[in-house]
Amino acid sequence: MSIRFSSHLKQLPPWFDNHGPEDGVIVGTMGRLVRNLKGEVFPGWSTAESRKRVAEKLIPVVRSIPGFKQATHAEMTELSKEERKLLLERKQITPCLAARQDGCHVFINKKQDTIIMLNEEEHLAAHHFAAGNKLKSIVTDLRKKAQLIDKQAEIAYNKEYGYLTSMTAECGDGIQLYMVLHLPGHAMLNQIDKLERALNKMHLNLSPFYSEYGEETSNLYVLFSTPTPSGSTDDILGHMSNIAENLVEKEHLLRNKISAEDFLHLSDIIGRTYGMLLYGRMMGYPEMLYTVSQLRLALNLEFLECERGESSLLTLLNNLLLMAAPTHLAYTAEEPSPQLQKVLRMHLMSRVANAISLNDDLSQISFPKE
Amino acid sequence: MLLTQIVNGQVTDLALCETCARAKGLFDPQSLTFAEKFFPEEFKAKVDKLVRELAGGQGEKKEEKKKTDVLTKCPVCDFPLETYRKTGRMGCPDCYTVFSRELDILAAPGENQGPRPTEEKEDQSRCSLEKQLHEAIAREDYETAAQLRDKLNKLN
């Protein structure tokens, strides 16, 4: 079944639609499983014929995976530039696949929590997403998929290096783990560089989630394991879970520290954000990313009150990250001008203003008398 | 029978089975020591000849293996070694064998190789190895046959 974008866009991927464990800091988790076929050239070095041959071998394998018999599917040649951008914004293809043509395919399951790409960087790459911290269940799910794939296809495996991949440093059991973290506390206290260096020493990397809009706009960062030398997926899973636990704790400490030591500055930021939601008329996407980050922080520190509950507001903010993204907005509003896009984005954001109110501490702030 | 020759600091090791050693005229190790002492020139010439014979006699396979060590392109996919050095990428799974010497940067063996492909796969590879072993014996390629035998033993 090919991708019908009109219906596909109505449902949001789990990263953007749900809330999960520890989602005040851990926004979402993702696992990537890769496999390559024996005797076939890796996609980055192969010809269109070779990619087509690989796809012919792997499509029946993908279809045999539970949830993928009826999954939506597209060959990259069938997708327009705009459609590719839409899938990129939804993290349902990688930039590498977005640039590919013949013999390159994407499959998306009904829940939109798992995608399988053929002839991306590797012959087969499966991504499984979840909201909040669900690394363990992701690894379990990917291992089940791996068993099915390994049974049905001639997989390139080397006793010494494990499953062979186009990047030599990524050989091993073919699973990599990612975690999206919201770290405004670290960012506001200029702790990101220090954190990055510390994580590197523990074979983990930290990079901005929306790097194209500047590093600190959204305060969202991706934590991921460096490949092979850091150990098996079980080791990495344990290692990442421990580190994430410490990070969550430290992020909350830093947020409370800012709230206690620099209340005026923080309340100024949140007050301005609230004011802009009430009275703003236009909003660019980077500004929106920053606003969403401040709102998440304010909600966590209970500077804001939400009638429908914290989790529903978090879901709404996550939704907006996607619905107000440039290509999504352009697609749903039938290519508005850049100015109209900003107006539409602001209109969407004003829905948040209707759902929240400032708490008493902020609304009754007193100013020193002259 | 193991024979080590050191000429101008260059070490040549030969490992021969009894039958091959006899076929090459090297049937008495003691007499070799004697020959080395009393007829050094003749002994050197004989060992040189033997080394040349073995290098040529074991066919192209050995030569191919030597060439493999210095290959600058993967013969399967034409992927240049230089590109691997620059990017850390390989062209195809066979590049891992062709450029094996370059791969010492990888993790220690067994650290992160994950579960092996299923038992079914092992059965398939066992069948394939057994077939290859019979073929190697049939064409009297005993070196390959020995390697295949060892692989099969490991699988068992």
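Fair warning: this is a prediction, and the values are worked out from it, not measured in the lab.

Trainee: Hey, could you run me through the overall build of chain A in this one?
Mentor: Helix and strand counts for chain A come out as 15 helices and twelve strands. Here chain A has a C-alpha radius of gyration of 22 Å; the compact-globule value for 370 residues is 21 Å, and the two agree. Principal-axis analysis of the C-alpha atoms places the extent of chain A at approximately 80 × 45 × 30 Å. The buried share among the 370 residues of chain A stands at 58%. A fraction of 72% describes how many contacts in chain A between residues 6 or more apart in sequence connect residues 24 or more apart. Measuring between centres, the 40 positive side-chain charges of chain A sit 5 Å from its 45 negative side-chain charges.

Trainee: What is the right way to read the packing of helix α12 (residues 310–323) of chain A against helix α14 (residues 338–355) of chain A from this model?
Mentor: The axes of two packed helices give the description: the angle between them and the distance between them. All names here are of chain A. At a closest axis distance of 10 Å, the pairing of α12 and α14 adopts a crossing angle of 170°. With respect to α14, the element α12 is oriented roughly antiparallel. Together, L313, L316, L317, L320 and M323 of α12 and L348, M349, R351, V352 and A355 of α14 make up the contact between the two elements. Class assignment of the residues belonging to the contact of α12 with α14 gives a composition of nine nonpolar, no polar and one charged.

Trainee: Explain the layout of surface pockets to me, please; I cannot follow it from the model alone.
Mentor: Think of a ball as big as a water molecule: rolled over the atoms, this probe shows where empty space is left. If you add up the space inside the second largest pocket, you get close to 930 Å³. Around the second largest pocket, the lining comprises 37 residues; the ones closest to its centre are K91, T94, P95, Y178 and F209 of chain A.

Trainee: Mind showing me how you'd approach the domain arrangement of chain A here?
Mentor: Residue and element names in this part refer to chain A. If you check the domain split of chain A, you get domain 1 (5–256) and domain 2 (262–363). Relative to domain 2, the C-alpha centre of domain 1 lies at a distance of 28 Å. Together domain 1 and domain 2 conceal approximately 2400 Å² of surface at their shared face, both sides included; 64% is due to carbon and sulfur atoms. Linking domain 1 to domain 2 there are zero salt bridges. Where domain 1 meets domain 2, there are seven residue pairs in polar contact (both at pLDDT 80 or more). Listed by contribution, the elements that provide at least two residues to the side of domain 1 that touches domain 2 are α1 (5–8), α2 (14–17), α4 (81–89), α7 (184–188) and α9 (233–261). Ranked by residue count, the leading element in the side of domain 1 that touches domain 2 is α4, at four residues.

Rules behind the numbers
Residues numbered from 1 in each chain as written. Chains lettered and ligands numbered in written order. Predicted model: local features only at pLDDT ≥ 70, side-chain atom pairs only at ≥ 80, totals over all residues. Heavy atoms only, no water. Helix = DSSP H or I, 4+ residues; strand = E, 2+ residues; numbered from the N terminus. Rg over C-alpha atoms; globule rule 2.2 N^0.38 Å. Buried < 20%, exposed > 50% of the residue type's maximum accessible area, 1.4 Å probe, protein only. Contact = heavy atoms within 4.5 Å. Lys, Arg positive; Asp, Glu negative; His and termini not counted. Charge placed at Lys NZ, Arg CZ, Asp CG, Glu CD. Axes fitted to C-alpha atoms, helices over the stretch in contact; angles between N-to-C directions. Parallel < 35°, antiparallel > 145°, perpendicular 65-115°, else oblique. Nonpolar A, V, L, I, M, F, W, Y, C, P; charged D, E, K, R; others polar. 1 Å grid on protein atoms, 1.4 Å probe; cavity = no way out; pocket = protein on both sides within 12 Å on 5 of 7 lines; lining within 4 Å. Points joined across faces, edges and corners; volume = space filled by probe spheres on them. Domains from an automatic or database assignment. Buried area = accessible area lost by both parts, 1.4 Å probe. Salt bridge = Lys/Arg side-chain N within 4 Å of Asp/Glu carboxyl O. Polar contact = N/O pair within 3.5 Å; in protein donor to acceptor, adjacent residues only side chain to side chain.

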